[in-house]
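Architecture at a glance
The chain contents come next:
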Amino acid sequence: MNRFQVTFAALAVPNFRRQWIASTLATTAFMTTFVLVPIVAYQLTGSYAASGFAAMGNGVGMLFLTPLGGVVADRFPKKPIVLIGQYSTLFVIAGTGVLIATDLITIPLLFASTLLSGATFALTGPARQSWVAELVPGRLVPNAVALQQMGINIAQVLGPTLASVAVVAFNVNAGGVYLGISLVFLIVVPLNHILPRTMPKVVERRSPRRELADGFHYLRRNPRLRILWVFWLVIVICGFAIQTLMPGILDQEFSRSSDEAVLINAIFGISALAINLPLAGLVGGRLAWPLLLGTAILMAVGLWMVAWAPTYGLVLILSAVAGAGRSGVMLVNQAIMMSNTRPEYFGRVMAFVLMAFGLQSITAPAWGIIADIIGGRETLLLVGVIVVGATALMFLGWITTRRLPLEVGTAAATVANASAQPEVETEPRTAPSPAYSPLFAAQVAPIVLMEGQKPRAAIPSGD
């Protein structure tokens, strides 16, 4: 295989390709609203804190309902759940657009719209990503995760770019952009309708509370998953602080319109896509952990450089560094984490992964309050310091766990065995369930299901 074939291997599976297109388009719509919410809120109030509060609704819904969504994803067919979520998102986006276009929008109503979006994503996001895992062979797990994250980054380019062109170049207000992106679902929903309806692996069904507790116990008792999850929480909470801070920084530090924050987000997306192309072919190998640490440091340095930048032009240029680092560390972290998860826990582990976006939205007002007190630039510097500290602890965690055996039934074990017994499977089959990512969402990267695996045994292996 040449490098191109390695990078895009999972897209050779027709059903995964269709789902990837639908997921990327849906994420584009979500990413557009994600970057518009702080802008609309800041224009209504002129406050950093209000920008964070408006986005907090996503966090409330995701934090409290995502665990339930993970249980549902591991127990029920994915297709109906995904379709319900997409129809609901369509109505929320279109309704918010009408409120903005008619000047009826308020901070409480904006909060309510993000709350509904967050609740919908929390209940359906794990199912959407787990469904992907049933569409590809087990050997493609790391690659499928990387490609799904790449889809998110494409959405990060398309969403803010289209929004910036509409708002800045054609003077379309945010309400018009909302209404325009709601039309994306006229493509997304039919694509998902033609995908197969699959059933989850037959397991003993218990109460949701017991299933959720079992999923958390699995995450907690696995040293690799535990440290990766905690690191993921810090990266997401810190990485998206710039969304809350940038409208105010542009206005107060550079006397630029807060609308131009969409340009920063577009640059984040372009740089993210650029770094994901090489990373997609490397996340299944021995370089994965060093890449995780390296991209985290790149993210921190990028945030410091943006905070230091003396001119608006330099902010635009240096945002590419922060965007590449943030996307890179998220892609590699999810790939390692889901590659070390057994299929029957994919939905629940993904639910705990997605909870990070809920925490990020809830903590967004805190970044805003700090910025109102000490300034936007200073707050961005603080965010970078926190990322460096977390990376140092992650390095210690890697050193501690790197020689532990891999768990049979995980993609990591499958890849480790491939060199000794190359996999001959050529067609995907319907099987268990995994998880994604996503994205704010969303953000998230789907995983693929592995087969022919025993649930608990472990085999010795390297990293």
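I will try to describe carefully the structure that is included in this document.

What counts and what doesn't
Residues numbered from 1 in each chain as written. Predicted model: local features only at pLDDT ≥ 70, side-chain atom pairs only at ≥ 80, totals over all residues. Heavy atoms only, no water. Helix = DSSP H or I, 4+ residues; strand = E, 2+ residues; numbered from the N terminus. Buried < 20%, exposed > 50% of the residue type's maximum accessible area, 1.4 Å probe, protein only. Contact = heavy atoms within 4.5 Å. Phe/Tyr/Trp six-rings, centres within 6.5 Å; stacked < 30°, edge-to-face > 60°. Lys NZ or Arg CZ within 6 Å of the ring centre and 35° of its normal. Salt bridge = Lys/Arg side-chain N within 4 Å of Asp/Glu carboxyl O. Axes fitted to C-alpha atoms, helices over the stretch in contact; angles between N-to-C directions. Parallel < 35°, antiparallel > 145°, perpendicular 65-115°, else oblique. Left-handed = near helix turned anticlockwise from the far one by under 90°. Nonpolar A, V, L, I, M, F, W, Y, C, P; charged D, E, K, R; others polar.

Relative to the helices and strands, Asn 222 resides in the loop between helix H9 (208–221) and helix H10 (223–239). For Asn 222, a relative accessible area of 14% puts it in the buried group. Sequence-wise, Asn 222 and Asn 340 are 118 residues apart; in three dimensions their C-alpha atoms are separated by 9.1 Å. Residues contacting Asn 222, with those up to four places away along its chain left out, are Asn 340 and Glu 407.

Another aspect to go through is the packing of aromatic side chains. Applying the stated criterion across every chain, the model contains five aromatic pairs. Both rings, one in Tyr 218 and one in Tyr 345, keep their centres 4.1 Å apart while their planes meet at 0 degrees; by these two values the pair is stacked. Here Tyr 218 is found in helix H9, whereas its partner Tyr 345 is found in the loop between helix H14 (312–339) and helix H15 (346–374), with 127 residues between them in sequence. Its relative accessible area of 1% is what places Tyr 218 among the buried residues. In this structure, Arg 256 packs its charged tip against the face of Tyr 312, placed 4.1 Å from the ring centre.

Considering all chains together, one arrives at six salt bridges under this definition. A salt bridge links Asp 214 to Arg 348; the shortest N-O distance between them is 3.6 Å. On the criterion of sequence distance, the pair formed by Asp 214 in helix H9 and Arg 348 in helix H15 is long-range, its members being 134 residues apart. Both residues of the pair, Asp 214 and Arg 348, count as buried. Between Arg 377 and Glu 253 there is a salt bridge; the shortest N-O distance is 3.3 Å.

For the rest of this paragraph, the subject is the packing of helix H2 (residues 14–45) against helix H11 (residues 241–254). Where H2 contacts H11, the axes come no closer than 9 Å and their chain directions differ by 45 degrees. Regarding the angle of H2 to H11, the classification is oblique. Crossing handedness for the pair H2 and H11: right-handed. Only Gln 243, Pro 247, Gly 248, Asp 251 and Gln 252 of H11 make contact with H2, whose side of the interface consists of Phe 34, Val 35, Pro 38, Ile 39 and Tyr 42. Taken together, the residues that form the contact of H2 with H11 break down as six nonpolar, three polar and one charged.

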